Amino acid sequence: MSEVILIDKNDDVLIALHDIKKGTVVQGIQVKQDVKQAHKIARHDMPAGHKVIKYGEVIGELTDDVKAGEWIHSHNLITTLEERPTYTYKKSIPALEKASDKTFMGYVRKNGSVGIRNYLYIVPTVGCVNSIASELADKFISRHPEMSMRVKIASHPYGCSQLGDDFSVTRVILHGIAVNPNAGGTLVLGLGCENNRLSQFMETLEGADLERIESFNAQDYSDEIEEGLTRLEKLYAKMKDDVRVKCGLDKIVLGLKCGGSDGFSGLTANPLLGKVSEVIGSSGGKVLLTEVPEMFGAEQLLMNRAKDENTFNKIVSLINNFKDYYARNNQVCYENPSPGNKDGGITTLEEKSLGCVQKAGHMEVEDTLDYGERVRAKGLSLVNGPGNDIVASTNLVAAGANLICFTTGRGTPFGSIVPTVKIATNHILANKKKDWIDFDAEIAFDEGFDAAKEYLLDKLISICSGELTKQEQNGNSQIAIFKQGVTL
C-alpha cells in the first residue's frame, strides 16, 4: 500500500494513508515531522498567505512559510471563507454513473411510495406522553415478540410551550415521520391540552393512508394504556400480512449524512457513496443531501450544478438564510470543524465541506426543501438543516427518506428512526467497531472504486430487502427536532 495519496494533480498537499515517521521519504519528499494518518503533508515550499489547494479547490490560507515535507494543519492553516461572498451561476455537470436495473424487495404503499421496512410508529404530539408511548411499546411487544425491532417511538420534548417557527417545525417534522414510507402503521398519541392539538395535527395528514393511522388523546380515556393497545392491535391486524414485492431503484429515497469525519472521509466513504448516489439518481431514485453549514466552502460547486437559474437562486437563499441564523445568534458561521474532525486530519470548514458534499456525487441539483417539506423531484434535492447528526437525520426522515447512509471516520452508535447504514472511512474503525459499522469503504483503495461501488450498492439492496443494519440490531432509534426560538 502507498504511504500517501495525491487527490488532484493541482493539489499542494499529499495525504498520509497511515502514520508516517519524521525522516520518511514519500514521493521524493522527506517528511519533516511525525504525521498522523489522514493528515496533510506539503508537496513543495509555500509562503505565508498562500492559498492551499486540496481536491483541486482552495481549503485555506497559510499563516506561516511552509517547506516541502512539513505537516499542514491548524497551527499554520486558516479558513479563507467570507460571511457573504458573491455567488455566480456557471452550470457544470460532469458525467455520472449509469443507471442500474438491480432490484430490491419492498413494501408498496397505497400512494405508490415504497417502504424498505414495515415499522409500527408511535408518534407523540407532545413530549408529555413519551412515557405512555414507551409503556405501550413494551406491552405491545410482550404480546407480539416478533415486533421487537419494528416498533419505533418518535420521542421528543416539544409540542407545547412553543411559538412561531418552532411550533410549525415540530408539527411538520412529526407529520413527515407519521407518513414516512417505512410506516406500515402509525399511532399518533396526544395528551389533550397541548398546543399541538391532535385534531389539527390529523387535518395536516392529507394524502396519507388514514386506514393505517390511529390517534387518540390520553386525557380522554380512563385507561390510556388499554386504549392505546387496542389501537395498536388494529394497526397490527392491517399490516401483519403485508408482503414484499420486487421494486426498482427508483423507489429508494436515500438520505445522506456524515458524522465524525476524518481526513479519509473525502477520500473513501464520501466519494464512494457519491458513486452509489449517482447510480440511484440515474435510475430514477431520490437522493437527499442536508447539513447546510457543511456546504459552506463547497456551496459554489453545488450552485454550479443547479438545474436552472431559479434552482441556483434557491440554493443561494438556503445558504444565506443559514448564515443569517448564525448571525442572529452572534455566532461565527465558520466555527467548524469539531475537535474530532481536527484530530482526524480536517483543518478548515472548506476542507470538510469539499469532502462532505461528495456524498451526493456530481448530480444536478433538482430542488431544495425546507424543514418538513416532502421530497418532490427525482435525483438530488438539498434539505435545509444543521449538521447535528440527530437533527439532520430527522429532517431527512421527514422529507421522505426510507434509507439513510451515514459515513464516519470516528464512529458512532447513532441510528435514526429509519434504517441507518454506517459506512466507515477506514479499516481501523471498521475492525475496531464491528458492532457499529455496516460497510468498510477503505476497500475502495484495495479493490478500486468501481468494484467497491458495486459492493456498497449490493449491500444497500440487501438492507432495503430486509437485512438489518447494525443500528437496528442494537435497538438505536432517535429523533431530534430543530429549535431556535422561545420556550414558554
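In this text, all values refer to a predicted model and were calculated from it rather than measured experimentally. (Residues numbered from 1 in each chain as written. Predicted model: local features only at pLDDT ≥ 70, side-chain atom pairs only at ≥ 80, totals over all residues. Heavy atoms only, no water.)

### Describing a nonpolar patch on the surface
Here's step 1: The grouping of Val108, Val243 and Val245 at the surface amounts to a nonpolar patch, some 250 Å² of accessible area in total.
Here's step 2: Tracing the backbone shows Val245 in strand E16 (residues 245-248). (Patch = residues over 30% accessible without salt bridge, like charges linked within 9 Å, V, L, I, M, F, W, Y side chains within 5 Å. Areas by Shrake-Rupley, 256 points an atom, 1.4 Å probe, with all protein chains shown as cover. Salt bridge = Lys/Arg side-chain N within 4 Å of Asp/Glu carboxyl O. Helix = DSSP H or I, 4+ residues; strand = E, 2+ residues; numbered from the N terminus.)

### Here we look at the sheet that holds strand E6 (residues 51-54)
Backbone-to-backbone hydrogen bonds pair the strands of a sheet. The strands run either parallel or antiparallel.
Here's step 1: The strand order across the open sheet formed by three strands is E6-E7-E9, and the pairing between neighbours is antiparallel. In this open sheet, the two strands that pair with only one neighbour each are E6 and strand E9 (77-78).
Here's step 2: Taken together, the four bridges between E6 and strand E7 (residues 57-62) define a ladder with antiparallel strand orientation. Each bridged residue has a counterpart across the sheet, and for Ile53 the counterpart in E7 is Val58. (Pairing = 2+ DSSP bridges.)

### Observations concerning the pattern of salt bridges
Here's step 1: In the structure shown here, the tally under the stated rule is 29 salt bridges.
Here's step 2: A salt bridge links Glu351 to Lys54, with the shortest nitrogen-to-oxygen separation between them at 2.7 Å. Note that Glu351 is positioned in helix H9 (residues 349-356) and Lys54 in strand E6, a separation of 297 residues in sequence. Grouping residues by exposure puts Glu351 and Lys54 together as buried. (Buried < 20%, exposed > 50% of the residue type's maximum accessible area, 1.4 Å probe, protein only.)

### As for the packing of aromatic side chains
Aromatic ring pairs are reported here in terms of the distance separating the ring centres and the angle at which the planes meet.
Here's step 1: Within the structure shown, the criterion is met by 13 aromatic pairs.
Here's step 2: Taking 6.4 Å as the distance between ring centres and 35 degrees as the angle between the ring planes, the aromatic pair formed by Phe322 and Phe482 counts as tilted. A residue pair is termed long-range when its members are at least 10 positions apart, and Phe322 in helix H7 (residues 309-328) and Phe482 in the segment after helix H14 (470-473) qualify at 160 residues.
Here's step 3: The class for Phe482 is buried, based on a relative accessible area of 7%.
Here's step 4: On the numbers, 5.4 Å between centres and 70 degrees between planes, the contact of Tyr325 with Phe482 is edge-to-face. Here Tyr325, found in helix H7, pairs with Phe482, found in the segment after H14; they are 157 residues apart in sequence, far enough to count as distant. (Phe/Tyr/Trp six-rings, centres within 6.5 Å; stacked < 30°, edge-to-face > 60°.)

### Digging into helix H2 (residues 164-178)
Here's step 1: Its 15 residues give H2 an end-to-end C-alpha distance of 22 Å, which sits within 8% of 21 Å, the value for a rise of 1.5 Å per residue.
Here's step 2: With respect to burial, H2 is a largely interior element, 11 of its 15 residues being buried.
Here's step 3: Inspection of H2 places Asp166, Phe167, Val169, Thr170, Arg171, Ile173, Leu174, His175, Gly176, Ile177 and Ala178 among the buried residues, and these make up the whole buried set.
Here's step 4: Packing partners of the buried residues in H2 comprise strand E12 (119-124), strand E14 (183-190), helix H3 (198-203) and helix H10 (389-399). (Expected span 1.5 Å × (residues − 1). Contact = heavy atoms within 4.5 Å.)

### Re the UniProt feature "domain: SAF" (unreviewed entry) in the protein
Here's step 1: Per the UniProt record, "domain: SAF" (unreviewed entry) is found at residues 11-78.
Here's step 2: A helix fraction of 0% and a strand fraction of 37% characterise residues 11-78, whose end C-alpha atoms lie 17 Å from each other. (UniProt positions renumbered as here; feature names shortened; annotations may be inferred.)

### Examining the sheet that holds strand E11 (residues 114-115)
Here's step 1: With respect to topology, three strands assemble into an open sheet ordered E11-E10-E16, the strand pairing being antiparallel. Each having just a single partner strand, E11 and E16 make up the two edges of the open sheet.

### Some points on the pairing of E14
Here's step 1: Buried residues dominate E14, accounting for eight of its eight residues.
Here's step 2: When E12 meets E14, the two strands line up parallel, connected through six bridges. Following the sheet pairing, Val123 is matched in E14 by Val188.

### Some details on the packing of helix H1 (residues 130-143) against helix H4 (residues 224-239)
Here's step 1: The N-to-C vectors of H1 and H4 enclose an angle of 55 degrees; their axes lie 10 Å apart at closest approach. Relative to H4, the element H1 is oriented oblique. Considering the relative orientation of H1 and H4, their crossing is right-handed. For the pair formed by H1 and H4, the contact residues are Ile132, Glu135, Leu136, Lys139, Phe140 and Arg143 on the first element and Glu224, Ile225, Glu226, Gly228, Leu229, Leu232, Glu233 and Tyr236 on the second.
Here's step 2: The class makeup of the residues in the contact of H1 with H4 is seven nonpolar, one polar and six charged. (Axes fitted to C-alpha atoms, helices over the stretch in contact; angles between N-to-C directions. Parallel < 35°, antiparallel > 145°, perpendicular 65-115°, else oblique. Left-handed = near helix turned anticlockwise from the far one by under 90°. Nonpolar A, V, L, I, M, F, W, Y, C, P; charged D, E, K, R; others polar.)

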